[in-house]
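Inside the fold
As a plain string of letters, each chain reads:
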Amino acid sequence: QVQLVESGGGLVQAGGSLRLSCVASGVTFSIYAMGWFRQVPGKEREFVASVTRSGTVTYYADFVKGRFTISRANAKNTVYLQMNSLTSEDTAVYYCAADNLNTITVVTRPTYWGQGTQVTVSS
């Protein structure tokens, strides 16, 4: 079975940085496109970033461009989200996602999800 486990969330002051990690098991990792989504209670889950199977092409939501970087280490079955210049608007539960596709986009509903990790940015 596919399992995704996120880590790295926590409390950070505005302007600070965090790096989220997601470790996948039960999959041939290099076959899966990976992505990050986030959700605030009462709101729809929204796309943040994704990376293709090969790790050579990335996609970002407009609100994180220039601040967040997604990357993957296929040998470690891990995808990362480096978050810089954080603001209170980034406070949310961040979810790792995977799908047996070349890419994940803003309109993709991935097949597999992690349990989420809380990111709270204080001002």
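Residues numbered from 1 in each chain as written. Predicted model: local features only at pLDDT ≥ 70, side-chain atom pairs only at ≥ 80, totals over all residues. Heavy atoms only, no water.

Let us now look at the environment of Tyr94. With respect to the element layout, Tyr94 can be found in strand E9 (residues 92-99). For Tyr94, a relative accessible area of 0% translates into the label buried. Sequence-distant contacts of Tyr94, that is, excluding residues within four places in its chain, are made with Glu6, Leu20, Trp36, Phe37, Arg38, Val48, Phe68, Leu81, Met83, Gly116, Thr117 and Val119. Within the structure, the side chain of Tyr94 is placed 2.9 Å from the side chain of Arg38, a separation counted as a polar contact. Among the polar contacts listed, one links the side chain of Tyr94 to the backbone oxygen of Asp90, at a separation of 2.7 Å. (Helix = DSSP H or I, 4+ residues; strand = E, 2+ residues; numbered from the N terminus. Buried < 20%, exposed > 50% of the residue type's maximum accessible area, 1.4 Å probe, protein only. Contact = heavy atoms within 4.5 Å. Polar contact = N/O pair within 3.5 Å; in protein donor to acceptor, adjacent residues only side chain to side chain.)

This brings us to the side chain of Thr52. Tracing the chain through its elements places Thr52 in the loop between strand E5 (46-51) and strand E6 (58-60). With residues up to four places along the chain from it excluded, the contact list for Thr52 reads Ala33, Val57, Tyr59, Arg72, Asn102 and Thr103.

Let us look at the pattern of salt bridges. Scanning the model with the defined rule gives 4 salt bridges in all. With a shortest N-O distance of 2.9 Å, Asp90 and Arg38 are connected by a salt bridge. On the criterion of sequence distance, the pair formed by Asp90 in the loop between strand E8 (78-83) and E9 and Arg38 in strand E4 (residues 33-39) is long-range, its members being 52 residues apart. Classification of Asp90 as buried rests on a relative accessible area of 1%. Salt bridges here are not isolated pairs; linked through shared partners, they connect Arg38, Glu46, Arg67 and Asp90. (Salt bridge = Lys/Arg side-chain N within 4 Å of Asp/Glu carboxyl O.)

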